[in-house]
Amino acid sequence: MLRKTKNFLQANKINYKKEHVNPLIVPEKVYVLKFGKGHLNNRFIVEHTYTWTGRIKINKISLRLHGQKSPHEFHNETELLRYLKSHLKFYAQTSRN
């Protein structure tokens, strides 16, 4: 999941750590990918379900940056990558501090 985003982070030498969280109350599964240059203080939160054929259907991608009040929300990975590419210098500067 988020293969293009992981490749983007690796190409720009940004560390990341992934984990799956299965909440008990909601039917959606949650995938968390923490990233950052120094500390892993930024994260993607992907809420997804499975279709009847077993394919993954992404419902929402939230991008939470360190110290941010409300997350940026995206409907697919393409929108997320477009946002990351346009703000790459900003992420690199904030993660060094």
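Structure: see above.
Residues numbered from 1 in each chain as written. Predicted model: local features only at pLDDT ≥ 70, side-chain atom pairs only at ≥ 80, totals over all residues. Heavy atoms only, no water.

1. Structural notes on the overall build of the protein chain
Alright, step 1. From N to C terminus, the protein chain includes three helices and five strands.
Alright, step 2. Sequence-ordered secondary structure for the protein chain, helices as α and strands as β, is α-β-β-β-β-β-α-α.
Alright, step 3. A buried classification covers 31% of the 97 residues belonging to the protein chain.
Alright, step 4. The contacts of the protein chain with a sequence gap of at least 6 include a subset with a gap of at least 24, amounting to 29%.
Alright, step 5. When the accessible surface of the protein chain is summed, it comes to about 6,800 Å², and 51% of that surface belongs to carbon and sulfur atoms. (Helix = DSSP H or I, 4+ residues; strand = E, 2+ residues; numbered from the N terminus. Buried < 20%, exposed > 50% of the residue type's maximum accessible area, 1.4 Å probe, protein only. Contact = heavy atoms within 4.5 Å. Areas by Shrake-Rupley, 256 points an atom, 1.4 Å probe, with all protein chains shown as cover.)

2. Section: the pattern of salt bridges
Alright, step 1. In total, this model carries two salt bridges according to the counting rule given.
Alright, step 2. For the salt bridge of Glu 47 with Lys 60, the shortest nitrogen-to-oxygen distance reads 3.9 Å. Taken together, the residues span a long stretch of sequence, with Glu 47 in strand E3 (residues 42–50) and Lys 60 in strand E4 (residues 56–64) at a distance of 13 residues.
Alright, step 3. On the basis of relative accessibility, which here comes to 25%, the residue Lys 60 falls in the partly exposed class.
Alright, step 4. Salt bridges linked by common partners bring Glu 47, Lys 60 and Glu 73 together as one network. (Salt bridge = Lys/Arg side-chain N within 4 Å of Asp/Glu carboxyl O.)

3. Observations concerning helix H2 (residues 77–86)
Alright, step 1. Turning to H2, its buried residues are Glu 77, Leu 80, Leu 81, Tyr 83 and Leu 84. Angularly, the buried residues of H2 cover 160° about the axis, an arc narrow enough to put them on a single face. What points out from H2, more than 90 degrees from its buried face, is the exposed set Arg 82, Lys 85 and Ser 86. (Arc of directions from axis to C-beta.)

4. Focus on the packing of aromatic side chains
Alright, step 1. Summed over the entire model, instances satisfying the criterion amount to two aromatic pairs.
Alright, step 2. Arranged with centres 4.7 Å apart and planes meeting at 15°, the rings of Phe 35 and Phe 44 form a pair that is stacked.
Alright, step 3. Classification of Phe 35 as buried rests on a relative accessible area of 2%.
Alright, step 4. The exposure class of Phe 44 is buried, given its relative accessible area of 0%. (Phe/Tyr/Trp six-rings, centres within 6.5 Å; stacked < 30°, edge-to-face > 60°.)

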